[in-house]
Amino acid sequence: MNAISVAQKGYASTSAPTRTPRSVEYEAVARITHRIRLAQQEGEKGFPALAEALHVNRKLWTIFAAEVVDADNTLPAKLKADLFSLAEFTRHYTSKVLARQAPVDPLLEVNTAIMRGLRGGA
């Protein structure tokens, strides 16, 4: 290391970049979507990991549903209703996937659309 690189490190900002609630939500959806995709790619042997990832995904959507019905939530009413409907769809459809009666792809599509929406306004 030379003196310049030592000085740059010494005077570099030590604070982490500020994260917005939107970016935190994006990261949560992205992480769980990635876990679901990885488990899906494993086929039948990945079903236990898929079940675990879907359980976490359902919990995340339950949190989203609770947030949109909160009286202090300032999102537009139509958006809140749409998000609540997606949470309900996710809850019901996850049961079908876990019962091996439906493919996981629609859940991945919902999460991907949410990520696009969160990233578009980020």
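Residues numbered from 1 in each chain as written. Predicted model: local features only at pLDDT ≥ 70, side-chain atom pairs only at ≥ 80, totals over all residues. Heavy atoms only, no water.

S.K.: I'm lost on the overall build of the chain in this one. Help?
M.R.: A tally of helices and strands in the chain yields 5 helices and 0 strands. For the chain, the N- to C-terminal ordering of α and β elements is α-α-α-α-α. When each of the 122 residues of the chain is scored for burial, the buried share is 28%. Put simply, 62% of the contacts in the chain that link residues at least 6 apart link residues at least 24 apart. Accessible surface for the chain amounts to roughly 8,200 Å². Of this, 60% is attributable to carbon and sulfur atoms. (Helix = DSSP H or I, 4+ residues; strand = E, 2+ residues; numbered from the N terminus. Buried < 20%, exposed > 50% of the residue type's maximum accessible area, 1.4 Å probe, protein only. Contact = heavy atoms within 4.5 Å. Areas by Shrake-Rupley, 256 points an atom, 1.4 Å probe, with all protein chains shown as cover.)

S.K.: It is not clear to me how helix H4 (residues 77-98) should be interpreted in this structure. Could you clarify?
M.R.: Note that an α-helix has 3.6 residues per turn; residues three or four places apart therefore point the same way. Counted at 1.5 Å a residue, the expected span for H4 with its 22 residues is 32 Å, and the 32 Å between its end C-alpha atoms agrees. Turning to H4, its buried residues are Lys80, Leu83, Ala87, Thr90, Tyr93, Thr94 and Val97. Projected down its long axis, H4 shows its buried positions confined to an angular sector of 165 degrees, all on one face. In H4, the exposed residues that point more than 90 degrees away from the buried face are Ala77 and Lys78. Tucked into the core, H4 has its buried residues touching helix H3 (47-69) and helix H5 (105-120). (Expected span 1.5 Å × (residues − 1). Arc of directions from axis to C-beta.)

S.K.: Looking at this model, I keep getting lost on the packing of helix H2 (residues 21-41) against H3. Mind explaining?
M.R.: Any two packed helices are characterised by how steeply their axes cross, that is the angle between the axes, and by the distance between the axes. The interhelical angle for the contact between H2 and H3, taken along N-to-C directions, is 155 degrees, at an axis separation of 8 Å. In this view, H2 runs roughly antiparallel relative to H3, as classed from their interaxial angle. Taken as a pair, H2 and H3 cross one another with a handedness that is left-handed. Within the contact between the two elements, H2 uses Glu25, Ala28, Val29, Ile32, Arg35, Ile36 and Ala39 and H3 uses Ala49, Leu50, Glu52, Ala53, Leu54, Val56, Asn57, Leu60, Phe64 and Glu67. Partitioned by chemical class, the residues of the contact of H2 with H3 number 12 nonpolar, 1 polar and 4 charged. (Axes fitted to C-alpha atoms, helices over the stretch in contact; angles between N-to-C directions. Parallel < 35°, antiparallel > 145°, perpendicular 65-115°, else oblique. Left-handed = near helix turned anticlockwise from the far one by under 90°. Nonpolar A, V, L, I, M, F, W, Y, C, P; charged D, E, K, R; others polar.)

S.K.: I'm lost on the packing of aromatic side chains in this one. Help?
M.R.: The description of two aromatic rings rests on the distance between their centres and on the angle between their planes. The full count for this structure, using the stated rule, is 2 aromatic pairs. Both rings, one in Trp61 and one in Phe64, keep their centres 5.2 Å apart while their planes meet at 85 degrees; by these two values the pair is edge-to-face. Taken together, the residues Trp61 and Phe64, both in helix H3 and 3 residues apart, mark about one turn of the helix. Geometry around Phe47 places Arg100 over its ring, the cationic atom sitting 3.6 Å from the centre. A cation sits over an aromatic face here: Arg119 above Tyr26, 3.9 Å from the ring centre. (Phe/Tyr/Trp six-rings, centres within 6.5 Å; stacked < 30°, edge-to-face > 60°. Lys NZ or Arg CZ within 6 Å of the ring centre and 35° of its normal.)

S.K.: Could you clarify how one ought to interpret the pattern of salt bridges in this entry?
M.R.: Side chains carrying opposite charge are able to pair once their charged atoms draw close together. Scanning the model with the defined rule gives 7 salt bridges in all. When the shortest N-O distance is used, the salt bridge between Arg100 and Glu44 registers 2.3 Å. With Arg100 in the loop between H4 and H5 and Glu44 in the loop between H2 and H3, this pair connects stretches of sequence that are 56 residues apart. Across the pair Arg91 and Glu88 runs a salt bridge, and its minimum N-O distance is 3.0 Å. With Arg91 and Glu88 both in helix H4, this residue pair falls 3 residues apart, about one helical turn. For Arg91, a relative accessible area of 36% translates into the label partly exposed. Judged by its relative accessible area of 26%, Glu88 is partly exposed. The network of salt bridges with shared partners includes Arg19, Glu27 and Arg31. (Salt bridge = Lys/Arg side-chain N within 4 Å of Asp/Glu carboxyl O.)

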